[in-house]
Amino acid sequence: MLWTTLAESEIYSGWWVSGPRFEEWRDGHRTLIVARDEYGTPRLVRLISPIARDYLRPEWQPGAALR
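This is a predicted model, so every value here is computed, not measured. (Residues numbered from 1 in each chain as written. Predicted model: local features only at pLDDT ≥ 70, side-chain atom pairs only at ≥ 80, totals over all residues. Heavy atoms only, no water.)

*Asks:* Where do I start with the pairing of strand 3 (residues 42–48) in this structure?
*Replies:* The side chains of a regular strand alternate between the sheet's two faces. In the sheet, strand 2 (residues 30–36) pairs with strand 3 via 6 bridges, with the strands oriented antiparallel. Counted as the bridge partner of V34 is L44 from strand 3. Where strand 2 hands over to strand 3, the hairpin turn is made up of 5 residues, of which G40 adopts a positive phi near 90°. (Pairing = 2+ DSSP bridges. Helix = DSSP H or I, 4+ residues; strand = E, 2+ residues; numbered from the N terminus.)

Here it is, written out as structure tokens:
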């Protein structure tokens, strides 16, 4: 039982909506966590790399479209 002034639609909004599906791509020593946007374009969510200069590359910044 809920005791609140909010409507049930506000409480449960987004409850059953599936979130983004993440893919893990490996590129040599790097791991790229990728999610596809509404058009199916893969976009970088997170870069994991032991080499610091990888994080400075513009094509591997979060939100970048990948091929």
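*Asks:* Sorry if this is basic, but what is going on with the sheet that holds strand 1 (residues 22–27) here?
*Replies:* Spatial strand order, 1-2-3: 3 strands in an open sheet with antiparallel pairing. Looking at which strands have only one partner, the edges of the open sheet turn out to be strand 1 and strand 3. Taken pair by pair, the neighbouring strands of this sheet meet at an average axis angle of 30°, ignoring direction. (Axes fitted to C-alpha atoms, helices over the stretch in contact; angles between N-to-C directions.)

*Asks:* Explanation requested: the pattern of salt bridges in the structure shown.
*Replies:* Between side chains of opposite charge, pairing is possible as soon as their charged atoms come close. Using the criterion set out here, one finds 6 salt bridges in the structure. Taking the shortest distance from any N to any O, the salt bridge between E59 and R57 comes out at 2.4 Å. Given a relative accessible area of 33%, R57 falls into the partly exposed group. Linked by salt bridges that have partners in common, D27, R30 and D54 make up one network. (Salt bridge = Lys/Arg side-chain N within 4 Å of Asp/Glu carboxyl O. Buried < 20%, exposed > 50% of the residue type's maximum accessible area, 1.4 Å probe, protein only.)

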